[in-house]
Amino acid sequence: LGTLKKAVRQQLAQQNAQRAEQSLRSQIAEALLGQWNPEPSGRSINKELDRVVQQQLQAATRAGNGPAQGGPDPESIRKAARPTVVKGLRLSTVLARIAKLENIAVSDGEVEQFATQIAQSQGRPPQDYLAEIRQQNLVDVLRRQILENRVMQLIIQNAVITAPQPLKLKRG
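Residues numbered from 1 in each chain as written. Predicted model: local features only at pLDDT ≥ 70, side-chain atom pairs only at ≥ 80, totals over all residues. Heavy atoms only, no water.

1. Notes on the overall build of the protein
A count of helices and strands for the protein gives six helices and zero strands. Helices (α) and strands (β) of the protein occur, in sequence order from the N terminus, as α-α-α-α-α-α. By its C-alpha atoms, the protein is 65 × 55 × 40 Å across when sized along the principal axes. When each of the 172 residues of the protein is scored for burial, the buried share is 27%. Look at the contacts in the protein between residues 6 or more apart in sequence, and 76% of them connect residues 24 or more apart. Per element, the accessible surface of the protein, about 12,700 Å² overall, is 52% carbon and sulfur. (Helix = DSSP H or I, 4+ residues; strand = E, 2+ residues; numbered from the N terminus. Buried < 20%, exposed > 50% of the residue type's maximum accessible area, 1.4 Å probe, protein only. Contact = heavy atoms within 4.5 Å. Areas by Shrake-Rupley, 256 points an atom, 1.4 Å probe, with all protein chains shown as cover.)

What follows is the structure, encoded as structure tokens:
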């Protein structure tokens, strides 16, 4: 029983740490987009929307809820995903600019290593997963994820956290 309690506590602590980091990343993203908010091209928006639609339709079909079974249609997916895609592309642009300024790059070997980790976490053979991401032209998506993660880590490591100043209210 003691071992189980310890394991549960560790798992809860890990989940809390992950939530805290995700919250911090969201705050950083909002701050970055508050200062720099580049407008992505229509072409890049459509390309990313096509990828999202394809992923969601494949997932829905595998779950037995594809368009043929009354599930979501491509146009409704595009419409729902558009705000998130635009915001993600804006953030990607800002993070890519920071990566360039900081000389942060991702090698092919690092992409393969990351893909191998993903495959292993899913219980899939790494070579099959690598072949699949290459076939679906997702290597650049993984490269971008790694790059953006590194930039976020750099920002977090160099951040100076300050306490908010208390509000001064006038009475009268």
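So, next bit.
2. Considerations on the side chain of Glu 148
Examined against the element boundaries, Glu 148 turns out to sit in helix α6 (residues 139-158). Setting aside anything within four residues of it in sequence, one finds Glu 148 in contact with Ser 92 and Leu 95.

3. Some words on the environment of Ser 44
Assignment of secondary structure puts Ser 44 in helix α2 (residues 42-62). A sequence separation of 46 residues divides Ser 44 from Arg 90, and the C-alpha atoms of the two residues are 11 Å apart.

4. Comments concerning the pattern of salt bridges
Once the charged atoms of two side chains with opposite charge are near each other, the side chains can pair. Within the structure shown, the criterion is met by twelve salt bridges. Here Arg 90 makes a salt bridge to Glu 39, at a shortest N to O gap of 2.5 Å. In this pair, Arg 90 sits in helix α3 (residues 74-101) while Glu 39 sits in the loop between α1 (2-35) and α2, placing the two residues 51 residues apart along the sequence. We classify Glu 39 as exposed; its relative accessible area is 55%. Across the pair Arg 51 and Glu 48 runs a salt bridge whose closest N-O atoms are separated by 2.6 Å. Here Arg 51 and its partner Glu 48 are both found in helix α2, three residues apart, which amounts to about one turn of the helix. The pair Arg 51 / Glu 48 is uniform in exposure class, with both members buried. What you see here is one network of salt bridges that share partners, running through Glu 48, Arg 51, Arg 144 and Glu 148. (Salt bridge = Lys/Arg side-chain N within 4 Å of Asp/Glu carboxyl O.)

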